[in-house]
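# Notes for the structure review
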Amino acid sequence: MPTTESGTDILDRPLLLQVLSDVESGNFSARMPLDSTGFAGKVAERLNNVIAANQMMGSELARVSQAVGREGRLSNRMTVGKSGQAWSE
């Protein structure tokens, strides 16, 4: 990532697009590197958090689908961890 006098505060747009494309294709292991500072670092961190939340949601959906759909345990519920607002609804 290019650097400036203040560190690495330049958002790598091609990398951002690649990570977004990977996630859109279902690759939830894709992440932005966290070596940036400032605005670029905050964008990378937030995007990685959203990807991780989606990855966890997929895992929970698979678990509940197995428990309810195949094993008939209708009392199973999804857990979303520490997420708030719409994620926990």
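Residues numbered from 1 in each chain as written. Predicted model: local features only at pLDDT ≥ 70, side-chain atom pairs only at ≥ 80, totals over all residues. Heavy atoms only, no water.

### A few points about the overall build of the chain
Looking only at helices and strands, the chain features 2 helices and 0 strands. The buried share of the chain, taken over its 89 residues, is 22%. A sequence separation of at least 24 residues applies to 38% of the contacts in the chain between residues at least 6 apart. When the accessible surface of the chain is summed, it comes to about 6300 Å², and 54% of that surface belongs to carbon and sulfur atoms. (Helix = DSSP H or I, 4+ residues; strand = E, 2+ residues; numbered from the N terminus. Buried < 20%, exposed > 50% of the residue type's maximum accessible area, 1.4 Å probe, protein only. Contact = heavy atoms within 4.5 Å. Areas by Shrake-Rupley, 256 points an atom, 1.4 Å probe, with all protein chains shown as cover.)

### A few points about helix 2 (residues 38-70)
Spanning 33 residues, helix 2 covers 47 Å between terminal C-alpha atoms, matching the ideal 48 Å at 1.5 Å per step. Considered for burial, the residues of helix 2 that qualify are Ala40, Gly41, Ala44, Leu47, Asn48, Ile51, Ala53, Met57, Glu60, Val64 and Ala67. Lining the buried residues of helix 2 we find helix 1 (13-24). Just downstream of helix 2, Gly72 is the residue with a positive phi angle, here 70°. (Expected span 1.5 Å × (residues − 1).)

### What about the side chain of Asn48?
Checked against the element boundaries, Asn48 lands in helix 2. When sequence neighbours within four positions are dropped, the list of residues in contact with Asn48 reads Arg31, Met32 and Leu34.

### Quick word on the nonpolar core
Counting residues in hydrophobic clusters, the biggest one holds 8 residues: Leu16, Val19, Val23, Ala30, Met32, Ala44, Leu47 and Ile51. Not counting chain neighbours up to four residues away, the residues in contact with Leu16 comprise Leu11, Met32 and Leu47. (Core = buried A, V, L, I, M, F, W, Y, C linked by side-chain atoms within 4.5 Å.)

### Some details on the confidence of the model for the chain
Across the chain, pLDDT averages 82, with 74% of residues at or above 70. Low pLDDT, under 50, characterises residues 1-6; the predicted model gives this stretch 8 contacts beyond four residues in sequence or across chains. (pLDDT = per-residue confidence, 0-100.)

### Quick word on the pattern of salt bridges
For side chains bearing opposite charge, pairing can occur when the charged atoms are close. One pass over the structure, following the stated rule, counts 2 salt bridges. The salt bridge involving Arg46 is made with Glu45; its shortest N-O contact spans 3.7 Å. (Salt bridge = Lys/Arg side-chain N within 4 Å of Asp/Glu carboxyl O.)

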